[in-house]
Amino acid sequence: MAKERLIQRYSASERINHWVVAFCFILLAFSGLAFFYPSFFWFSQIFGTPQMARIVHPFVGVIMFVGFFIQFFRYYKRNFINQEDVKWALSVKEVITGEHLPNVGKYNAGQKVMFWIMTLSMIVLIVTGIMMWQPYFANAFSIPLRRVAILLHAWFALILIASIIVHVYAAIWVKGTIRAMTEGVVTEKWAKSHHPLWYKEVMAGVEQSESKNSQDNEPLKK
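Rules behind the numbers
Residues numbered from 1 in each chain as written. Predicted model: local features only at pLDDT ≥ 70, side-chain atom pairs only at ≥ 80, totals over all residues. Heavy atoms only, no water. UniProt positions renumbered as here; feature names shortened; annotations may be inferred. Helix = DSSP H or I, 4+ residues; strand = E, 2+ residues; numbered from the N terminus. Buried < 20%, exposed > 50% of the residue type's maximum accessible area, 1.4 Å probe, protein only. Contact = heavy atoms within 4.5 Å. Expected span 1.5 Å × (residues − 1). Bend = angle between axes of the 7 residues up to and from the residue. Patch = residues over 30% accessible without salt bridge, like charges linked within 9 Å, V, L, I, M, F, W, Y side chains within 5 Å. Areas by Shrake-Rupley, 256 points an atom, 1.4 Å probe, with all protein chains shown as cover. Salt bridge = Lys/Arg side-chain N within 4 Å of Asp/Glu carboxyl O.

Some details on the UniProt feature "transmembrane region" (unreviewed entry) in the chain
Inference 1: UniProt annotation of "transmembrane region" (unreviewed entry) refers to residues 20–43, 55–73, 113–133 and 153–174 when read in the numbering used here.
Inference 2: Helix makes up 71% of residues 20–43 and strand 0%. Its end C-alpha atoms lie 20 Å apart.
Inference 3: The span residues 113–133 is 95% helical and 0% strand by assignment, and the distance between its end C-alpha atoms comes to 30 Å.

This is the structure in structure tokens:
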């Protein structure tokens, strides 16, 4: 039985970038929960000591922000909402059960909404994080502003944590998705089933490339 053809979904650099951001998020989520909720204070041991956690947390936050926005500029053009996304959203129950698969591109409506929620959260977290960052920047802001920054930072951190939980659950739910970010490939059947427009785009590119290679390998006519 012949193996099904695999299609590249993410390059090595994209996957490395993704896992760097994911690792930073884990460190920040645990240490951040330790700072804001006394019952989770023991999470601060993730950096060795609570004091070290307070020092390292904002630096890791900057790394995550930079890593995420490298991804943002790679993917934002594919994440604008269109009519097909509206159809996807309106038939989401059928999509989940596999009864209906709208004509979706590389990302579906759920992934696009998640992308913009994460983008907004990252922006708010970096801005408020800078406003809170002792001893470097916090003194440049008034105490009332810093209090607002602390509140917003906590809210959007929780929004981001909840979003990532949904993101991970969806990746596990849709079989074959995790492979895309670990190995960089998906099966032809997976692509055709879950992202038919993107599948057609990829296959058109493959056919064009094969056609060009075939022409290049033709013997020269005298």
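Quick word on the side chain of N108
Inference 1: Mapped onto the fold, N108 is located in the loop between α4 (92–97) and α5 (109–132).
Inference 2: The class of N108 is buried, set by a relative accessible area of 14%.
Inference 3: Once you skip the residues sitting within four places of it in the chain, N108 turns out to touch D85, W88 and H195.

Remarks on helix α2 (residues 50–75)
Inference 1: Here α2 contains 26 residues, and its C-alpha end-to-end distance of 36 Å stays within 8% of the 38 Å for a straight helix at 1.5 Å per residue.
Inference 2: Where α2 bends most, at V56, the angle is about 35 degrees, and the proline P58 comes one to four residues later.

Details of a nonpolar patch on the surface
Inference 1: A surface patch of nonpolar side chains, about 550 Å² in accessible area, is lined by F36, Y37, F40, W42, I150 and L158.
Inference 2: With respect to the secondary-structure elements, L158 resides in helix α6 (residues 143–173).
Inference 3: Judged by its relative accessible area of 38%, L158 falls in the partly exposed class.

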